[in-house]
Structure formats: C-alpha cells, structure tokens
Amino acid sequence: EKGGWDSFMDKEIHEDPAAVQRTLLGRFDKNGDVALDEVRIDEHDFKAIDKIIVIACGTAAYAGMVAKYAIEHWVRIPVEIELAHEFRYRDPILTPRTLVVAISQSGETMDTLMALRHAREQGSKVLAICNTQGASIPRESDAVLYTHAGPEVAVASTKAFVAQITAAYLLGLYLAQVKGAMFRDEIRHILDSLKNMPRKIQWMLDTQTKTIHQAAERMLNAQSFLFLGRHVGYPVALEGALKLKEIAYTFTEGFAAGELKHGPIALVDEGEPVVFIVPPERGRNVLHAKVLSGIEEVKARGAFIIAVAEEGDKDVERYADVVFWRPACPTLMSPLVDVVPLQLFAMDMAKLKGYDVDKPRNLAKSVTVE
Ligand code: F6R
C-alpha cells in the first residue's frame, strides 16, 4: 500500500505532481475555459460575489492564504482568511454576496464544520474545497470543488496542500472569467502556467532530493529554525515551519520576512538556521531584492542560510549555505513547487531523528473535536 516507499509521507510527497495534475483534470471546456460544472452555484449568483472569506485550519488555512494573493490580484475582490475556530466565535460581517470557502482535506474537521454552519445560518453561500468525497463539510456546503489528491494517510498534510492551492486557483480564475475581471487571453496564459506546474514539481523531486537530505543531516542538532518569506512565500514559510514542528518536534517559527527588523532578528545568533523562500522573477519582482536584503542581514549575524530560490539565482548563491533550486515559474505559481523541498526536509529530519513520520505524537489525521 505504500507502493515501495518506506512511509506514507514519502509516497504522498512524491504524489504532489499527480495531485495538481488530477485536480486540474476535467475542469476545462472544449474552448479551454475553466468549467466547474460540479459547482452548483448559478452564474448569476457567482457574478454577484463581492467578497470571499476562507475558513480553514492548519495547512488548509495556509493554502487559503496563498490563494488570497492570487485571487485578489486576478478578480479584484477582497479575500479574507480566517482560522475556522476564530471565525466561529465572533460576529463576522457576511452578506448574501459573500462567498465563504471552507478548505479541508478530511472534510471532517469540527472547527471548520462549525464555522461553515455559522456562515450558512447568516445567509452566506459556502463552497467547500475538499479531498474526501461525501464527508460532512462538502455535504453541508452549497457547492463543492473536490481536490483529487487521492487519499492522504500520513497525518502531516502534503499533497493535499498543493491540490488545495490548485483548486482555489481554478475557483479564482473561474470567478475572473464569469465576472469579466480579466481578458480571456490573460486567463489562458495563467492556466498554461498552472498546467506546467506538475512537471516543475517533478523536476524538483528528481533533482533536489539529495541536497535536501544532506541539508537535513547537517541540521540534525539544530534546536530551532526560522522560516521567512514574503507575498506568497509567506504562507509557504508558515507551512514549512508547521511541517517541521509536527513531525520533527523542532521549535520553528515562520513569519513574513518584512517583520525581521520589527523584532524577530533579535533571535538570530551565530549558527541559527534560517530558511528563506526567495521569490522568482529576479530583476522584475521588487520583492526579490527585499528578501535578499533580509538574507544579508541575518548572514551578517552569523546565521546558517537555507534558501529556496530560482535556478541560476546568482545573488542567492553568494549568500546561502544551502540552496534548494526551483525551476523558473511565475511568482504566483511558485508555492506549488516551493513547499515540496520543505516537506521533504521536515520528513528527512524526522526520519534521521528516528521518529515515525506518518504518525506524529499527539496528532490525529482528522480533528473531529472542537
Ligand atoms: C498539518 C495538518 C493539519 C491540518 C488541519 C486541517 O500537516 O495536517 O494542520 O491541515 O488539521 O485539516 P483538514 O484539512 O482535514 O480540515
């Protein structure tokens, strides 16, 4: 059942490309436009949507955070992310034109289920992005967009994350299409990039695994890690940090790289491992230079730098102690590749420490209590 891998986590990380691929499958009409027929909210209601609130927990919430950057850019409507357990116990501002998107791998997370009931009671439409057919969350939602990642067995979520981002991107592009927020050609262009991502993730798996494993060996005695990123690299940093906490039991803090100077830089001392997600599109993306200056600052304080960066990024090569290379891709697509080495790194660390990567202590696959 592990298909030759020694853990489900290993198997499932290697299914990242297929998870994206399968989630895209059958979601286009003959003209190449996004067609989400299974989503039974009519076009008229969809057109009227003027705000999205994503409710989710853990990894699923980080997938929602990634999607916020893309959907706000494409559709020009506000997207808020709220942890389901927080949303549930406040008085959120919802209107019939608000679309609540509940993201959940298991479809049984009680916090998310309670939050979705809370939203529906107030007249909002809820769309579920879910990996488990017929689970409670999709059953109680107005519409469902399934991620076709296949069953996820390892407790730490991996392939579901990339599938959730893919599904949320499809939803965003569909909304852009219905609302006429972008030209058809622009949408097609983005879809082409999205369709290329399984190949790019595969490249990462094929070429970077050894470097990642060696980095884990070097870092085995590290007491703590910092993970930093900006823009879509920020939720990726949070997700990378979560993986390491969950399965390698290492104190890890993820935050927005811009916050460094507002406090966290005080934590950086000689030898402290700091993982940076460096944006692609060097020269065209202003954030590239910003992240680079963050790297320089922690380097000056003696940090050990691990970077995820675009192949051929000479600036990063100069400062980083270890680089996990990503093939060139647009910034908004980069999270789909960037999370992969972080998943592998956490898994390698945990295995080297002798932990069961599939069943971390104190955690359950679906959290069915509030
Ligand atoms: C992280 C992890 C958890 C889940 C969270 C939500 O690796 O597994 O943070 O992502 O409990 O679970 P679902 O997606 O099933 O609602």
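Remember, predicted model here, so these are calculated numbers, not experimental data.

A. Broad picture of the sheet that holds strand E10 (residues 322–326). As summarised here, the arrangement of the five strands in space is E7-E6-E8-E9-E10, forming an open sheet in which the pairing is parallel. Where the open sheet ends on each side, the last strands, each with one partner, are strand E7 (251–256) and E10. Strand-to-strand, the axes of this sheet are offset by a mean angle of 15 degrees, without reference to chain direction. Summarising the sheet, strand E8 (residues 273–277) and strand E9 (residues 304–310) pair through five bridges and their orientation is parallel.

B. Focus on the environment of Gly 64. Mapped onto the elements of the fold, Gly 64 is located in helix H4 (residues 58–75). In this structure the C-alpha to C-alpha distance between Gly 64 and Arg 230, which are 166 residues apart in sequence, comes to 15 Å.

C. Spatial organisation of the side chain of Thr 331. Along the chain, Thr 331 turns up in the loop between E10 and helix H13 (334–352). Accessibility expressed as a relative area gives 11% for Thr 331, which makes it buried. Once residues within four sequence positions are removed from consideration, Thr 331 is found in contact with His 231, Val 232, Pro 280, Glu 281 and Asn 285.

D. Quick look at the packing of H4 against helix H8 (residues 159–179). With their axes 9 Å apart at the nearest point, H4 and H8 run at an angle of 25 degrees to one another. Overall, the two elements H4 and H8 adopt an arrangement that is roughly parallel. The two elements H4 and H8 meet at a crossing, and its hand is right-handed. Across from Thr 59, Ala 60, Tyr 62, Ala 63, Val 66, Ala 67, Ala 70, Ile 71, Trp 74 and Val 75 in H4, the residues of H8 making contact are Phe 161, Gln 164, Ile 165, Ala 168, Tyr 169, Gly 172, Leu 173, Leu 175, Ala 176 and Lys 179.

E. Molecular detail of the site of the ligand. Contacts to the ligand come from 14 residues, most closely from Ser 104, Gln 105, Ser 106, Thr 109 and Glu 246. At 2.7 Å from an oxygen atom of the ligand is found a side-chain nitrogen or oxygen belonging to Ser 106. The fraction of the free accessible surface of the ligand (400 Å²) that becomes covered by protein chains is 89%. Looking at the shell around the ligand, the elements that each hand over two or more residues are H4 and helix H10 (233–248). Here the residues of the shell around the ligand sort into five nonpolar, seven polar and two charged.

F. Region of interest: the environment of Arg 40. With respect to the element layout, Arg 40 can be found in the loop between helix H2 (16–24) and helix H3 (43–48). Given a relative accessible area of 59%, Arg 40 falls into the exposed group. Sequence-wise, Arg 40 and Val 144 are 104 residues apart; in three dimensions their C-alpha atoms are separated by 7.9 Å. The contacts of Arg 40, once residues within four sequence positions are left out, are Asp 142 and Ala 143.

G. Structural context of the side chain of Glu 152. Here Glu 152 lies in the loop between strand E5 (143–146) and H8. Within the structure, the side chain of Glu 152 is placed 3.0 Å from the side chain of Ser 157, a separation counted as a polar contact. Beyond its immediate sequence surroundings of up to four residues, Glu 152 is in contact with Glu 12, Gln 105, Asn 131, Ser 157, Thr 158, Lys 159, Ala 160 and Lys 365.

H. Seen up close, the sheet that holds E5. Spatially, E2-E1-E3-E4-E5 is the arrangement adopted by the five strands of the open sheet, whose pairing is parallel. Each edge of the open sheet carries a strand with a single partner, namely strand E2 (79–83) and E5. Going across the sheet, the axis of each strand differs from the next one's by a mean of 20 degrees, ignoring polarity. Note that strand E4 (residues 125–130) and E5 share four bridges and pair parallel. What sits directly across from Ala 128, in E5, is Val 144. Along the sheet, helix H6 (residues 110–121) contacts strand E1 (51–56), strand E3 (98–104) and E4; its crossing angle with E1, the most-contacted strand, is approximately 150 degrees.

So, how was this worked out
- Residues numbered from 1 in each chain as written.
- Predicted model: local features only at pLDDT ≥ 70, side-chain atom pairs only at ≥ 80, totals over all residues.
- Heavy atoms only, no water.
- Pairing = 2+ DSSP bridges.
- Helix = DSSP H or I, 4+ residues; strand = E, 2+ residues; numbered from the N terminus.
- Axes fitted to C-alpha atoms, helices over the stretch in contact; angles between N-to-C directions.
- Buried < 20%, exposed > 50% of the residue type's maximum accessible area, 1.4 Å probe, protein only.
- Contact = heavy atoms within 4.5 Å.
- Parallel < 35°, antiparallel > 145°, perpendicular 65-115°, else oblique.
- Left-handed = near helix turned anticlockwise from the far one by under 90°.
- Near = heavy atom within 4 Å.
- Polar contact = N/O pair within 3.5 Å; in protein donor to acceptor, adjacent residues only side chain to side chain.
- Areas by Shrake-Rupley, 256 points an atom, 1.4 Å probe, with all protein chains shown as cover.
- Nonpolar A, V, L, I, M, F, W, Y, C, P; charged D, E, K, R; others polar.

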